Each structure stands twice: as C-alpha cells, then as structure tokens.
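As a plain string of letters, each chain reads:
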Amino acid sequence: MWLKSFIVAPLLQLSVGSVAQAAGPFGSVKIGNWVGGAFSNDETGAFSHCAATAPYANGVILVVGQNTGGSWILSFASPSYHFKQGENAAIDVIFDGQEQARLFATANQTNMLSSVMPANVVRAFQKASLMVATSGRTVLNFDLTSAGPVIAALANCVTKVKADGLNKAGDFTKIAAKPQAAPDKQASPPASKSAKAKSGTGFVVSASGHVVTNNHVINGCVGDIRGNLTGEAGMVLRVVSSDANNDLALLQAPSTTTFKEFARIRDRSIRSGDSVVAIGFPFHGLLTSDFTVTTGIVSSLSGMRNDSRFLQISAPVQPGNSGGPLFDTTGQIVGVVTGKLDGLRVAAATGNIPENINFAIKTGALRDFLDNSVVPYQTAEPKGEIKTTDIAGNARPYTMLISCNGTEQAEAKR
C-alpha cells in the first residue's frame, strides 16, 4: 500500500510543473510497469499534466510526464531520499551507451529530484532500452524497454484531454491510427529502390537477448529486422547501437525473451596459427536453412594494411557469414566474422586469385563496443579443447540468422 500512495499522491502531482495540489489520475496509462494518467490542479480544477511512474529494483521510482505547455519532466524518487526543499543536483544520463546528456534537477520535495527533459533527451529516452544515471558517486541502471510506448501514450493523453476535457479521459494507450490519404491514380510510381531481402548472422551475448552482428548487415534495412534461431520462430530485433567504423551493431530481442545460453568472450589474446571455427548462414535461401560450420587458422593478427582491429583467418566464409561468431577450439568467442577479400578486385590488380583470405573483428574492439553500450556480457578463460561438433552444438541456442528487407545489398568491403 505504501508504494501506491507514495506514487499516486505526491509523485504524480508534483513531478510535472509547479502544481501545488493535483487530483487524479483521470483515465489510464498502463504499459509494462508504468502506471499513470491525467491530473488536474485541485485549486482550479483545470487539467495540468499527464504522468506515469515505474518502480525499479534499485529502490528508485522513475516519473515521466508532460504538462499542458508541452514540457517534459523526468523525476527520480525514493523513500530513502532526504533532500532539502529546492536543493539542486546534476544528473548525467547515458542511453544505450551512446547518447548522453546532463540534466539539472531540483528537489520539489524531500524524496524526489525533478528535471526538465530537452527534446533531444526525450527522443533518446523514447528510443532507448537502457538508461544509466550518474550523480556524484551514485550510478543507477534503468530498463527503458517500455519507455517508447509510455512517451507516446502520455503525449496522446495531453492532446486528448486538452481537446476533449478530463471527463472524457479513457485509455490513453489506445492511439488512433492516422488516416491514410487516398492514392492518386495519376501519380507516378515511387522513385525509391525496391526492397530486396538481405541477411547475415548474429549471436547472443547476454541473458537479456543482446545480439551482436555487423553494421553492414543491418545498414539499409527497411522495416523490421528479424532474428531466427535454427528451427524456431523468428523474432523482431531492435537496434540498440551501431559502430560503422568498426562494423559492429547491437540488436536486442523482445523483453519477453530470455536466453539460458549465450556466447562467452575469450579473455586472452589469440595467436597466429591457432585454430578457429566460423559459424554462420551463408547464401541463405540458396544453401541449407541450417547454419554452416567451417574451420581454419588465424593467418595473421592484423587485417588489410596492418589494421590491428582485425584478424585474418583461413576459415572459408561467404556472403551471409557476416556478423557470425568466430570461436577458438575451447568454444569461446575470439572474433566477429566481417567479410572476405574481394577476389575479383585483387585478381584484376595482381593477376592472381587469392584463396581463403577472410577477416574477423578482434574481441578488443568488440568488448569496447559492448562496454560503451552497457551490455552485461561474460568472458571466459580458454580451458581444454573440445570437438568442432560440440562447439557447433553449443552455439545452436544463440547463433541467429539476421534478415530484413533492404534498399541495397550488404557487401563486405574489407
């Protein structure tokens, strides 16, 4: 009971704008752990704001809302907070390890800090799956899986209540679709390129369903990006972050999906001559629907023009292997397959066709990328070699076919 009264009474009435007393909620916003609705000023009876709250295991309750003037407010509240009225604090927030901003918050009451969110922060909050908030020595993580629908519902709440009044408040999560204009029979067909199916490989690196692949696998995707484990129904994956320079991308499975098995990253450097195993989905739709397994060695500890971010490997890879896991003989990740040398270009330049010159991104670049994206991945020491068949069997629960429709074909250029 304390949680309900703590949220509904003081938090929702004071988190948005300078409202001395507030009544509500009118209507409802219920998405995931978020609960809220519309509120009025008790002194005037006028509609003042829409807001929603969500409690977290770290003891903090997030409050997000929009007032009638269109301003967005983000509040951090906890029964354990003891601020002085009007006390100020700077809060640094990072979304999905990429976008970051500094918020300047004020204690409207002793157990809550509130800050106006600029438009760019609202957009980042709406798109993100994870927010890390830092103030002084305090660092807190917040899962924002449902934040996008909540922001949309609150914006809908303000729009509808301003138009129809509090007495017609209802379920603000039901947002009417915008009517589509009738097609112009005389219009010319669109000039954009027709969508083409494209695919690659990815692998899960956390129990929460974070999936690593190449940036060029998802670049140019139109519509949903899907992930398929062999023999299982596909799932829609959301882009969390990407790094075009290192050709890495991070996707995430739906929040309802958990993975008991996921890849572990080798915590020691691999050496030239060490054996490796590449797994992926080359030429999907033309070859087998199952993944393929190839073996080889680490030919060099650098890529083209001595690029130290890459390994050169002899394990054969083809289009579709991009983004797939590269294993050592103990079954630990030692790289992300990124492509092969363009044989035709090399042949045109040298008169010789290269064989088995392929590349993978080293784990150093991968771990930096995952650290920046705040992903709880795991590392492991290489202990005891296992058979290639066992490596493949272990990889089956977390190696995915990544597919989408794209306006251009993904092509490895390294």
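Please refer to the structure placed before this passage.
A few points on the structure. (Residues numbered from 1 in each chain as written. Predicted model: local features only at pLDDT ≥ 70, side-chain atom pairs only at ≥ 80, totals over all residues. Heavy atoms only, no water.)

### Some thoughts on the packing of helix α2 (residues 119-127) against helix α3 (residues 147-164)
What counts, and what does not: Every angle, taken between N-to-C directions, lies between 0 and 180 degrees, and every axis is a line fitted to C-alpha atoms, over only the stretch in contact when it is a helix. Put simply, DSSP H or I for four residues or longer makes a helix, DSSP E for two residues or longer makes a strand, and each gets a number counted from the N terminus. Note on angle classes: values under 35 degrees are labelled roughly parallel, values over 145 roughly antiparallel, values of 65 to 115 roughly perpendicular, and the remainder oblique. Contacts are residue-level and defined by heavy atoms, with any inter-residue pair within 4.5 Å sufficient. Residues were grouped as follows: Ala, Val, Leu, Ile, Met, Phe, Trp, Tyr, Cys and Pro as nonpolar; Asp, Glu, Lys and Arg as charged; and all remaining residues, including Gly, as polar.
It is at 6 Å that the axes of α2 and α3 come closest, and there the two elements cross at 130 degrees. Our classification of the angle between α2 and α3 gives oblique. Where α2 abuts α3, its residues V122, F125 and Q126 lie against A147, G148, I151 and A152. When grouped by side-chain class, the residues that make up the contact of α2 with α3 number five nonpolar, two polar and no charged.

### Brief notes about helix α7 (residues 388-395)
As a reminder of what qualifies: Burial status follows relative accessibility: with a 1.4 Å probe on protein chains alone, a residue under 20% of its type maximum counts as buried, one over 50% as exposed, and anything between as partly exposed. The reported arc concerns the directions from the helix axis to the C-beta atoms and nothing else.
All of the buried residues in α7 are I391, A392 and A395. Projection of α7 onto a plane perpendicular to its axis shows the buried side chains occupying an angular sector of 95 degrees, all on one side. Turning to α7, the residues buried within the fold contact β17 (275-280), β18 (292-300), β20 (325-327) and β24 (399-406).

### Regarding the side chain of S314
For clarity, the threshold we go by: We define a polar contact as two N or O atoms separated by no more than 3.5 Å, with the added condition that, inside protein, one atom must be a possible hydrogen donor and the other a possible acceptor, whereas residues neighbouring each other in sequence contribute only through side-chain atom pairs.
Of note, S314 is situated in the loop between β19 (310-313) and β20. Among the polar contacts listed, one links the side chain of S314 to the backbone nitrogen of I297, at a separation of 2.8 Å.

### Quick look at the packing of aromatic side chains
Rule in force here: Two aromatic rings from Phe, Tyr or Trp, using only the six-membered ring of Trp, form a pair when their centres are within 6.5 Å; if the ring planes differ by under 30 degrees the pair is stacked, by over 60 it is edge-to-face, and anything between is tilted.
Applying the stated criterion across every chain, the model contains five aromatic pairs. Arranged with centres 5.0 Å apart and planes meeting at 90 degrees, the rings of Y56 and F142 form a pair that is edge-to-face. Here Y56, found in the loop between β3 (47-55) and β4 (61-67), pairs with F142, found in strand β10 (residues 138-143); they are 86 residues apart in sequence, far enough to count as distant. Y56 gets classed as buried once you look at its relative accessible area, which sits at 17%. Here F142 falls in the buried class, since its relative accessible area comes to 0%. Ring centres of F95 and F125 lie 6.4 Å apart, and the angle between their planes is 85 degrees; on these two criteria the pair is classed as edge-to-face. Of the two residues, F95 is situated in strand β6 (residues 88-95) and F125 in helix α2; the sequence distance between them amounts to 30 residues.

### A word on the pairing of β3
Short version of the rule: In short, DSSP must find at least two bridges between two strands for them to pair.
For β3, the buried fraction is high: eight of the nine residues fall into the buried class. As defined by bridge partners, strand β2 (residues 34-41) adjoins β3 across six bridges and the pair is classed as antiparallel. Bridged to F39 within β3 is H49. Linking β2 back to β3 in an antiparallel pair, the connection comprises five residues, with G45 at a positive phi of about 80 degrees. By the bridge criterion, seven bridges tie β3 to β4 in an arrangement that is antiparallel.

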